[in-house]
Amino acid sequence: MVLQQNLTIRVWGWSDPGESVTVSFSDHTATTAPNNSGRWQVELPGVGASSTPQKLVVKGNNTIEVEDVLVGEVWLCSGQSNMAWTVARSSNADEEIAAAKHPLIRHIAIPKTPSFQPKDDAPAQWQICSPETAGNFTACGYFMARELHQQLGVPIGLVNSSWGGTRVEPWTPPVGFKNVDALQDIYQSIVGRTPGTDVYQDRLRTHLDATQSWLENAEQSLRKNEGVTANPSFPAELMPFTRHQDPTMLFNGMIHPVLGFPIKGAIWYQGEANHSEGMLYTEKKKALINGWRERWQQGDFPFYFVQIAPYTYGNENPEILAQFWEAQEAVQHQVPQTGMVVINDIATTNNIHPPAKQEVGKRLAGLALKNDYGRTELVAYSPTFDSLEILQGKLKVNFTNTGGGLTTRDGKAPTHFEIIGPGSAGFQPASADIAGDSVILQSADVSSPVAFRFAWHKTAEPNLMGGTGLPVGAVRGGTVPAFVDTLPIDDQYELVYDLDLSNLGPTIEYDIDHSDHVKDFDRIAYLLELVTNDGKPQSLFVSMDAFTDDAKKIGIPTTESGAHFQTKIGAMDVYSNVADLQTGTAIQTGNIEFWPNNYSPNNSSKVNGASNNRYDFGDSPGEPTNGYGSMQIHNTAAKQTLFAINQWRSSDNADIGIGNSNGETRDWTFAKNANSYRSKRLRIYVQTR
């Protein structure tokens, strides 16, 4: 094995009561005795790096000799499948394995062991790096270790504690959750399941009292030949965690056994299993890192991690992953002694496991060499966004840590930049020109840009990099205008109706009604703006080719308006700030269901992809004609409701929503959720000829 140089060496184990235990290593010896549970521990002074095999001797009633102990640098390697990914599954595996003749690199793999109670031991064995063993080493760890060994000339030890598909929560100790305000619900769930805590004792006592009362009543009922109620069920909140994905389970089973083993630092590659959580993940990483540091009692040891790679993630909203990248990047600014490796230049968007782990390991080693081994001249961090300048019709994005100036991998102009400004119809692709440490952005579709974003898509593989070849990660800056201010309304559309949806009722009375003045139009647009009771804005703007030439029939489809449409609509443009809603222009798979009738889920019109038994985008109107009412626009190809306003005769019980509803319906039918919004406004426009 390898011991960490220049740190106190902790050695622990178990022995018989009263047994005297002596531990010797290098020129140092310590003697101790076990505690009441039989566990003992000694501390020996740290020693300098040594490639000469030494012997660790533990002597009590019997003697254990650990041969071939080296002293150098030890790194903990943890996370999910991309950390567990082996050398044998990486690029150029055959060549890498054949060349893996590095006997001063050692690796130990901690078995996959979830546990609700902390474990003190792990049945694992160190291996010497060779062509016979290296294929099963963690690839990220091995390629990092190889670079460090070549640069430092000292032994390198890797403690591989990783498990594919795992979330961050099971790797986190209770104290980590305790010290993060945003994660108190998780911490309280842990405390409530832990015997001996006040919460656990109180809940268990309440359950026992209820059970005792039930037993007494049941005995009386038995004697009287009376029926008996069901006994109180054991509270679920007292049940111990059992799944390996539950909080603390992998910390207890796979990290706790090596707590106290001296390490230089940790590397981490995880996030795919948490990637939809946005900035909450930053809080969870704080809990993990600070929790490990507190439990290790080694101060703020280095913690370096890999930003997960671009990947398709099915039909998921492409911005969700970009928001997660932002959360990962925030960690290195909010937690000291951390650093992030960007890998959007070596991704495989159809494979969540990019095989080029050599570069990942080299970049991790670069962070360690710069921050921990005195190579301060190295440029180990990717270029990072520094500031934004708003120029006349342009934006100037300034970066730091560019390694001598920005450039691109392919010699072409930088890709994946977008800008936005008032009336720009959302973010628009921008042309980009490099100017030293800056990028100048502009677009013919954005006359007055005020904000930008870069690589803001789940499959983005941008070409921008620093002078040393390190890629630039996803980032955004500036103040994005309010949703409505970015829409192409003022110059192109004329307002017809404006309605505060709080005033729905048997008779629709619009706040603004210009329908008498609209004569000739070829497009219709709907703007629905909602704010939930907890303050979250939800907005949708959808325009389409006109489905009628009568402006009286484009509003709420009441009996009085005579509106009744179930038809396809073309050239649909969709803009929204609602996650998972598919946006875009010239969408040809639109569909509307406008009527005042009752309706059933039966897909009698045979709308492609619609259900026959679930309310969605293929429902059938029926009697009475002055019934429940449906005002819905859909994207049938995406199987999405864009927006719905149903049952408008009752302002309190109306169904209102953007995107698909949850539960048994997809079009908000029976949601009766109007009161879940603090504000709700519908505006309807036309584009005149």
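This structure is a prediction, so every number in the text was calculated from the model and none was measured.

Each value, and the rule that gives it
- Residues numbered from 1 in each chain as written.
- Predicted model: local features only at pLDDT ≥ 70, side-chain atom pairs only at ≥ 80, totals over all residues.
- Heavy atoms only, no water.
- Pairing = 2+ DSSP bridges.
- Helix = DSSP H or I, 4+ residues; strand = E, 2+ residues; numbered from the N terminus.
- Axes fitted to C-alpha atoms, helices over the stretch in contact; angles between N-to-C directions.
- Expected span 1.5 Å × (residues − 1).
- Buried < 20%, exposed > 50% of the residue type's maximum accessible area, 1.4 Å probe, protein only.
- Polar contact = N/O pair within 3.5 Å; in protein donor to acceptor, adjacent residues only side chain to side chain.
- Contact = heavy atoms within 4.5 Å.
- Phe/Tyr/Trp six-rings, centres within 6.5 Å; stacked < 30°, edge-to-face > 60°.

Asks: Is there a simple way to think about the sheet that holds strand S28 (residues 565-569) in this case?
Replies: Consider a sheet: its strands pair through backbone hydrogen bonds, and that pairing is either parallel or antiparallel. The strand order S28-S31-S34-S35-S36 describes an open sheet built from five strands, whose pairing is antiparallel. In this open sheet, the two strands that pair with only one neighbour each are S28 and strand S36 (655-658). In this sheet, neighbouring strand axes are inclined to one another by 15° on average, regardless of whether the strands run parallel or antiparallel. Bridging between strand S31 (residues 590-595) and strand S34 (residues 630-635) involves six bridges; their strand directions are antiparallel. Looking at the pairing, Asn-591 lines up with His-634 of S34.

Asks: Help me understand helix H3 (residues 139-152), please; the structure alone is not making it clear to me.
Replies: Residue pairs three or four apart in sequence face the same way in an α-helix, which turns once every 3.6 residues. End to end, H3 covers 20 Å across 14 residues, agreeing with the expected 20 Å (1.5 Å per residue, within 8%). Of all 14 residues making up H3, eleven are buried, and the element is well covered by its neighbours. For H3, the full list of buried residues reads Ala-139, Cys-140, Gly-141, Tyr-142, Phe-143, Met-144, Ala-145, Arg-146, Glu-147, Leu-148 and His-149. One side-chain oxygen at the N-terminal end of H3 lies 3.3 Å from the backbone nitrogen of Gly-141; it belongs to Thr-138.

Asks: Is there a simple way to explain the environment of Leu-76 in this structure?
Replies: With respect to the helices, strands and loops of the structure, Leu-76 is situated in strand S7 (residues 63-79). Relative accessible area serves as the criterion here: at 1%, Leu-76 is assigned to the buried category. Put simply, Leu-76 and Gly-141 are 65 residues apart on the chain and 8.5 Å apart in space, counted from C-alpha to C-alpha. When sequence neighbours within four positions are dropped, the list of residues in contact with Leu-76 reads Val-159, Ser-161, Ile-255, Ile-263, Gly-265, Ala-266, Ile-267, Trp-292 and Trp-296.

Asks: Quick question: what am I supposed to make of the sheet that holds strand S29 (residues 572-576) here?
Replies: Taken in spatial order, the seven strands line up as S25-S24-S37-S26-S27-S29-S30 in an open sheet, and their pairing is antiparallel. Two strands bound the open sheet, and with one partner strand each, they are strand S25 (512-513) and strand S30 (584-587). When strand S26 (residues 521-532) meets strand S37 (residues 677-688), the two strands line up antiparallel, connected through eleven bridges. What sits directly across from Val-531, in S37, is Ser-679.

Asks: I keep staring at helix H9 (residues 318-334) and nothing clicks. Help me out?
Replies: Compared with an ideal rise of 1.5 Å per residue, which puts 17 residues at 24 Å, H9 spans 26 Å between its outermost C-alpha atoms and is within 8% of the ideal. Buried within H9 are the following residues: Ile-320, Leu-321, Ala-322, Phe-324, Trp-325, Ala-327, Gln-328, Glu-329, Ala-330, Val-331 and Gln-332. Its buried side turned inward, H9 meets helix H8 (280-296), strand S12 (303-306), strand S13 (338-341) and strand S14 (384-391). Of the residues that open H9, the one with a side-chain oxygen 2.8 Å from the backbone nitrogen of Glu-319 is Asn-317.

Asks: How should I be thinking about the packing of aromatic side chains in this particular structure?
Replies: For any pair of aromatic rings, the description consists of the separation of the ring centres together with the inter-plane angle of the planes. For the coordinates displayed, the defined rule picks out 30 aromatic pairs. Judged by centre distance (5.9 Å) and plane angle (75°), the rings of Phe-116 and Phe-241 are edge-to-face. Of this pair, Phe-116 sits in the loop between strand S8 (105-109) and strand S9 (126-128) while Phe-241 sits in the loop between helix H6 (198-223) and helix H7 (249-255), and the two are 125 residues apart along the sequence. Given a relative accessible area of 18%, Phe-116 falls into the buried group. When its relative accessible area of 10% is taken as the criterion, Phe-241 is described as buried. A ring pair is formed by Phe-385 and Phe-452, whose centres lie 5.2 Å apart and whose planes are at 65°; its orientation type is edge-to-face. Residue Phe-385 is located in strand S14, and its partner Phe-452 is located in strand S21 (residues 451-454); the two are separated by 67 residues in the primary sequence. A relative accessible area of 28% places Phe-385 in the partly exposed class. Look at Phe-452 and you get buried, because its relative accessible area is 1%. The structure contains a cluster of three or more aromatic residues connected by ring pairs, namely Trp-171, Trp-268, Trp-292, Trp-296, Phe-301, Phe-303 and Phe-305.

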